[in-house]
Amino acid sequence: MDHATSRLPEDGEDDRKLMQVTRSNHECNYLCGSLDNKYWRPWSESRWLLFAVRQDGKTTLCVYGKEHVTNERVTRSGKSTQVPSFLLEHQLSLGRPCKIYCTEPRRISAISLARRVSEELGEGRGDLGTARSLVGYSIRLESNTSKETQLVYATTGIVMRMLEGSNELREITHLVLDEVHERTIDSDFLLIVLKKLLETRKDLKVILMSATVDAERFSNYLGRAPVLNVPGRTFPVQVKYLEDALEITDYTLSQQGHEKMTDLDDDPIEDEHDPSTTQKAAKDLRQYSAKTRNTLSQIDEYQIEFELIVQLIGRIAVDPTYVNYSKAILVFLPGIAEIRTLNDLLLGEPFFQRDWEVYPLHSTIATEDQERAFLVPPPGVRKIVLATNIAETGITIPDVTCVIDTGKHREMRFDERRQLSRLIDTFISRANAKQRRGRAGRVQEGLCFHMFTKYRHDQLMSDQQTPEMLRLSLQDLAIRVKICKIGGIEETLGQALDAPSAKNIRRAIDALVDVRALTAAEDLTPLGYQLARLPLDVFLGKLILQGTIFKCLDMAITVAAILSSKSPFTAPFGQRAQADQARKAFKRADSDLLTVYNAYLGWKKVCQTQSHDFQYCKKNYLSSQTLSNIEDLKGQLLVSLVDAGFLQLTHDERQQLNRLRYSSRRRHFFELPQRVNINSDNDLVSGAVIAWSFYPKLLLRENKGYRNVGNNQSISLQPSSVNKGNQDLKWLSYYHIMQSKQ
């Protein structure tokens, strides 16, 4: 943009004169002639440690001379806290009204940043979101704001919901999009909408921020918006890899607990695991011991070696070479199930039961429990923080000196060939790895152990994470385009920063028409409006809605979580026949999905009545970790259903749901009200709801096999299906079809 849309101060004074800052006697005062005393606050000393504060005048001039700014800041520059508060203070100093929204990809980021900024502005600890504060936050099911709030930290989804209205965000003067490098489907779609919106909202200021983004691409996308680069303040970090961890711990694989497992319902063609990668890595490591090379050639990088991590932390804690890095250790793990596993292992070791604090960090853990992870422990006490990729950029633990990175994260992926979404564990990119190890160099020279080989890092990892728009289903986005009324689906999605293929967009539209969320003319139906509020593909969304209507919600929401994750049935190699027999013991109503649901109910009962689920899972060839992931996902889907207004909870029920969702380290279950769940054990109702939700995905028996009604393709049942060999069934419904070698 080559024209200014906001005038400089009317009295003609340069911004630099209005934004004077002085520093003396370790106290920083904000001096502005037009700033009301009510808003005068001393600046904390820690704020001056951030380089961003010394770029204040430049930041303000850029924002007020242009409609959009791309702000590329290195880690430790204070972008997430400083830029929004600078904008707030500058507007107040000029007596201008303002409403600033800063979007964050996760709820914990929005909450922790809002609290940090409130404290830095000198507000009382309990003032956040009240009439005594200028700062608040807004996340799903919780809005902590008041009429006085002028700076709101919100999840990206909240702003997306606001855009679904018709007021063009008229109440917002500045919109700050933080962590745009994560390329979530929400943030990329938000950019499409904002680009169109800025054609009519000339007064709206948009600032994009990230520590690792390719700023020029975003700048070009927004019409050559100016780029502001701000360096951070970090210390060097020693980088070690899996082979180094094996060498210093003298770790060897034990046969017990290391049997190769296979997921009974997975497509064999999709198995990308290549055991030869560690063997290739081991060949070039002559400087390491023969024992290390031998262990490395046997280890499976796709599996997390929890015992190795425990031994590695113990070694770092006592080895004179590394002990200085053991003050605060941050461990990156894929999800809550892995956090629980490592947490239990650490707390079970006598070494970590004294002078150590272990803090799990996850969105399902209570906010007050997580706050302690950010505090510096007293002298003589060391801490270990167990976190997911949220700790990469979304939040900052200030005193971390060592990072242990498992190299995995959990992400949803859409298979275009099979037209389904799955939640999978996959390796991070090199950019993610760089960001993770950078967390160790914030207060002193740091140490990082990547629990994958240097060979994988240098040769196999991708440079950047794939944008979600290129790996997720586009059905939800297609519905949003219609709700936001911003044009045709293909035309709008084709304007994305990384546009999906026209073929994939067309497939999404056809699926929406098939499920009757869209008419043939691509207009939204009443069902489409409801499905738009659920974070699922339309078939699973329809399953949950029908489950609510026909009072079998627990069955429906559990099956949706299973199909979004994976089947919990597994088998050690060589024991597939026994695993199939164990599975058939749970058979229910000639349905593979109800069979898995039956196994889940058995596991749930064991968890509620016993302290451990190990024996139950081992006996029945079930994965405890997968079942935990399913339960976690089920809770998220339940909250989405409540948030959409489709499930009405009483005040007490809502409070119970929040307590259980954010309870600390133990696994809890939310019991659905009977008024929406009396038919979950009714096979006829449950089967009918599943079949109607997946319609028109039907199979018709033909000779010895089945024919797909949709395309006349011949289909055979998977060997592990409970219906394999059942000649009495004429019709079957299905969720997905996969190609098999068998």
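Shown above is the structure to which this text applies.
Since the model is a prediction, treat every value here as computed from it, not as a measurement.

Criteria and thresholds
Residues numbered from 1 in each chain as written. Predicted model: local features only at pLDDT ≥ 70, side-chain atom pairs only at ≥ 80, totals over all residues. Heavy atoms only, no water. Helix = DSSP H or I, 4+ residues; strand = E, 2+ residues; numbered from the N terminus. Buried < 20%, exposed > 50% of the residue type's maximum accessible area, 1.4 Å probe, protein only. Contact = heavy atoms within 4.5 Å. Areas by Shrake-Rupley, 256 points an atom, 1.4 Å probe, with all protein chains shown as cover. Lys, Arg positive; Asp, Glu negative; His and termini not counted. Salt bridge = Lys/Arg side-chain N within 4 Å of Asp/Glu carboxyl O. Polar contact = N/O pair within 3.5 Å; in protein donor to acceptor, adjacent residues only side chain to side chain. Pairing = 2+ DSSP bridges. Axes fitted to C-alpha atoms, helices over the stretch in contact; angles between N-to-C directions. Phe/Tyr/Trp six-rings, centres within 6.5 Å; stacked < 30°, edge-to-face > 60°. Lys NZ or Arg CZ within 6 Å of the ring centre and 35° of its normal. Expected span 1.5 Å × (residues − 1). Arc of directions from axis to C-beta. Core = buried A, V, L, I, M, F, W, Y, C linked by side-chain atoms within 4.5 Å. 1 Å grid on protein atoms, 1.4 Å probe; cavity = no way out; pocket = protein on both sides within 12 Å on 5 of 7 lines; lining within 4 Å. Points joined across faces, edges and corners; volume = space filled by probe spheres on them. Nonpolar A, V, L, I, M, F, W, Y, C, P; charged D, E, K, R; others polar.

J.: Could you give me a rundown of the overall build of the protein, with the residues and numbers involved?
T.: The secondary structure content of the protein amounts to 29 helices and 25 strands. Counting all 742 residues of the protein, 56% fall into the buried class. Once local pairs closer than 6 in sequence are excluded, the contacts in the protein between residues at least 24 apart make up 74%. Carbon and sulfur atoms make up 49% of the accessible area of the protein, which totals about 32100 Å².

J.: Now, about the side chain of Arg701: what can you tell me, with residues and values included?
T.: Secondary-structure assignment places Arg701 in strand β22 (residues 698–702). For the buried residue Arg701, which engages in no salt bridge, the nearest side chain bearing the opposite charge is Asp728, 7.6 Å off. There is a polar contact of 3.1 Å between the side chain of Arg701 and the side chain of Tyr706. Within the structure, the side chain of Arg701 is placed 2.9 Å from the backbone oxygen of Leu729, a separation counted as a polar contact. Here Arg701 is in contact with Tyr706, Asn726, Gln727, Leu729 and Lys730, once residues within four sequence places are set aside.

J.: Tell me what's going on with the pattern of salt bridges, and back it up with residues and numbers.
T.: Tallied over the full model, the rule gives 33 salt bridges. For Asp498, the salt bridge is made with Arg217, and the minimal N-O distance between the two is 3.2 Å. Remark: Arg217 occurs in helix α8 (residues 215–221) and Asp498 occurs in the loop between α19 (489–493) and α20 (502–514); sequence separation between them is 281 residues. Where salt bridges share partners, they join Arg183, Asp188, Arg217 and Asp498 into one cluster.

J.: A description of the sheet that holds strand β20 (residues 446–450) should follow, citing residues and the corresponding values.
T.: As summarised here, the arrangement of the 6 strands in space is β12-β20-β17-β14-β16-β15, forming an open sheet in which the pairing is parallel. Every interior strand has two partners, whereas the edge strands, β12 (237–240) and β15 (356–361), have only one. Along the sheet, successive strands turn relative to each other by an average axial angle of 15°, direction set aside. As paired elements, strand β14 (residues 328–332) and strand β17 (residues 402–405) share 4 bridges and run parallel to each other. Its bridge partner lying in β17, Phe332 is registered against Asp405. Across the sheet, helix α16 (residues 430–438) lies against β12, β14, β17 and β20, angled at about 140° from β20, the strand it touches most.

J.: Account for the packing of aromatic side chains, with residues named and values stated.
T.: All chains considered together, the criterion is met by 12 aromatic pairs. Between Phe352 and Trp356, the aromatic rings sit 5.2 Å apart at their centres with planes inclined by 75°, giving edge-to-face as the arrangement. Here Phe352 and Trp356 have matching classes, each one buried. Three or more aromatic residues joined by ring pairs make a cluster, and in this case those are Tyr597, Tyr600, Trp603 and Phe669. It is Arg456 that lies over the ring of Phe427; its NZ or CZ is 4.0 Å from the centre.

J.: Lay out α20 in plain terms, naming residues and giving numbers.
T.: Between the first and last C-alpha of α20 there are 18 Å, a value that for 13 residues agrees with the 18 Å anticipated at 1.5 Å per step. Within α20, the full set of buried residues consists of Asn504, Ile505, Ala508, Ile509, Ala511 and Leu512. Buried residues of α20, seen end-on, are gathered within an arc of 160° and therefore sit on one face of the element. Exposed residues on α20 whose side chains face more than 90 degrees from its buried face are Ala502 and Lys503. Positive phi shows up at Arg516, right after α20, with a value of about 70°.

J.: Give a description of helix α5 (residues 107–120) that names residues and reports values.
T.: Its 14 residues give α5 an end-to-end C-alpha distance of 20 Å, which sits within 8% of 20 Å, the value for a rise of 1.5 Å per residue. Across the 14 residues that make up α5, a large majority, 10, are buried. Burial in α5 covers these residues: Arg107, Ile108, Ser109, Ala110, Ile111, Leu113, Ala114, Val117, Ser118 and Glu120. Residue Gly122 follows α5 closely and has a positive phi angle near 85°.

J.: Lay out the nonpolar core in plain terms, naming residues and giving numbers.
T.: One finds Phe189, Leu194, Leu543, Leu647 and Phe694 to be the most contacted residues of the largest nonpolar core, which totals 104 residues. Tyr322, Val331, Val358 and Leu386 belong to the second-largest nonpolar core, a separate cluster that totals 38 residues.

J.: Hey, could you go over empty space enclosed by the protein for me, with residue numbers and the actual values?
T.: Enumeration according to the criterion identifies 5 cavities of 30 Å³ or more in this entry. When its volume is computed, the second largest cavity comes out at roughly 100 Å³. As for the second largest cavity, its lining consists of Leu242, Ile299, Asp300, Glu301, Gln303, Ile304, Glu305, Leu308, Ile309, Thr406, Lys408 and Met451. In terms of residue class, the lining of the second largest cavity is built from 6 nonpolar, 2 polar and 4 charged.

J.: Please provide a residue-by-residue account of the sheet that holds strand β25 (residues 731–733), values included.
T.: If you trace the 4 strands from one edge of the open sheet to the other, you get β24-β23-β22-β25, paired in antiparallel fashion. The open sheet is flanked by β24 (714–715) and β25, the only strands paired with a single partner. Judged from the 2 bridges that link them, strand β23 (residues 705–708) and β24 form a sheet pairing that is antiparallel. Along β24, the bridge assignment pairs Tyr706 with Ile715.

J.: An account of the pairing of strand β8 (residues 151–155) is needed here, citing residue identities and associated values.
T.: Burial within β8 is extensive, with 5 of its 5 residues counted as buried. Residue alternation in β8 divides its side chains into two sets, Leu151, Tyr153 and Thr155 and Val152 and Ala154, and both sets are buried. By the bridge criterion, 4 bridges tie strand β6 (residues 135–139) to β8 in an arrangement that is parallel. Pairing of Gly136 across the sheet is with Val152, part of β8.

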